[in-house]
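# Structural characterization, general
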Amino acid sequence: MSVNKVILVGNVGKDPEIRHLDSGVAVANFPLATSETYTAKNGEKVTTTEWHNIVLWRGLADVAEKYVTKGRQLYIEGRIRTRSYDDKDGNKRYTTEIYGDVMQLLGSAPGNQSSGGGNSSNTSQQASAPSSQVNEPDFNEPEGDEDLPF
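Reading the values: the criteria
Residues numbered from 1 in each chain as written. Predicted model: local features only at pLDDT ≥ 70, side-chain atom pairs only at ≥ 80, totals over all residues. Heavy atoms only, no water. Helix = DSSP H or I, 4+ residues; strand = E, 2+ residues; numbered from the N terminus. Buried < 20%, exposed > 50% of the residue type's maximum accessible area, 1.4 Å probe, protein only. Contact = heavy atoms within 4.5 Å. Areas by Shrake-Rupley, 256 points an atom, 1.4 Å probe, with all protein chains shown as cover. Pairing = 2+ DSSP bridges. Core = buried A, V, L, I, M, F, W, Y, C linked by side-chain atoms within 4.5 Å. Polar contact = N/O pair within 3.5 Å; in protein donor to acceptor, adjacent residues only side chain to side chain. Arc of directions from axis to C-beta. Salt bridge = Lys/Arg side-chain N within 4 Å of Asp/Glu carboxyl O.

Helix and strand content of the protein: one helix and seven strands. In sequence order, the protein lays out its α and β elements as β-β-β-β-α-β-β-β. Out of the 150 residues belonging to the protein, those deemed buried represent 29%. Sequence-distant contacts, at least 24 apart, represent 58% of the contacts inside the protein between residues at least 6 apart. In the form shown here, the protein has an accessible surface area of approximately 10200 Å², with 45% of it arising from carbon and sulfur atoms.

Structure representation (structure tokens):
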């Protein structure tokens with residue numbers, strides 16, 4: 001048995017690039033940044049950022065086209081895929097992508113400063129699946145663990 005599952009909460013690095021295949025299937029690609037901050041032994045705060053290439057298909061790509069913009073905070077559930085391709089010089093290149101199965105828009109859209117609080121929506125490729133099936137972790141961790149190196 002094996003499991004290939006990724007859960008990310010981060011900020012969109014640039015507006016999604018949307019393509020429509022000949023069959024009419026929509027594909028969205030965009031970078032997602034996840035950051036972690038900790039206090040080093042010398043007392044200095046250190047922030048590291050990882051960039052993830054997100055790929056959304058079909059209905060999720062359509063939702064991304066309408067609602068996902070640079071700076072938007074997202075919850076993404078999916079799986080890791082690595083593929084290879086040949087660049088223009090004939091060199092073999094590899095890229096690792098996150099194929100999203102579930103996406104949740106978090107907070108309010110950038111530039112939309114409504115005082116109504118957490119303006120969020122939940123979107124899944126299985127449209128009939130109730131949103132209660134996604135057990136989201138509590139991302140409001142206490143600040144006392146900042147000195148941990150992981």
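Relative to strand S3 (residues 26-39), strand S2 (residues 17-20) runs antiparallel, the two sharing four bridges. Note that in S3 the partner of Arg19 across the bridge is Val27. Linking S2 to S3, which pair antiparallel, is a turn of five residues; within it Gly24 sits at a positive phi near 95 degrees.

Attention now goes to the nonpolar core. Judged by nonpolar contacts, the single largest core of 19 residues is most densely connected at Leu32, Ile54, Leu56, Val68, Leu74, Ile76 and Met103. Ile76 has contacts with Val6, Ile7, Leu8, Leu32, Ile54, Ile98, Gly100, Val102 and Met103, leaving out every residue within four places of it along the chain.

Turning our attention to the side chain of Glu97. The topology assignment puts Glu97 in strand S6 (residues 92-106). Classification of Glu97 as buried rests on a relative accessible area of 6%. Here the side chain of Glu97 touches Arg83 through a polar contact of 3.0 Å, side chain to side chain. Setting aside residues up to four positions removed in sequence, Glu97 forms contacts with Asn29, Asn53, Val55, Arg79, Ile80, Arg81 and Arg83.

Listed in full, the buried residues belonging to helix H1 (residues 58-67) are Leu60, Ala61, Val63 and Ala64. Looking straight down H1, one finds that the buried residues subtend no more than 160 degrees of arc, so they occupy a single side.

Under the definition given, this model contains four salt bridges. Among the ionic pairs, Arg83 bridges to Glu97, the shortest N-O distance being 3.0 Å. With a gap of 14 residues between them, Arg83 in strand S5 (residues 73-86) and Glu97 in strand S6 connect regions that are remote in the sequence. A relative accessible area of 41% places Arg83 in the partly exposed class.

A word on the pairing of strand S4 (residues 45-57). Direction of pairing for S3 relative to S4: antiparallel, over a ladder of 13 bridges. The residue of S4 that forms the bridge with Tyr38 is Val46. In this antiparallel pair of consecutive strands, S3 and S4, the connection spans five residues, and Gly43 shows a positive phi of 90 degrees. Two strands pair when backbone bridges link them, and S4 and S6 are joined in this way by three bridges, in the parallel orientation. In the sheet register, Ile54 faces S6, and the bridge partner there is Ile98.

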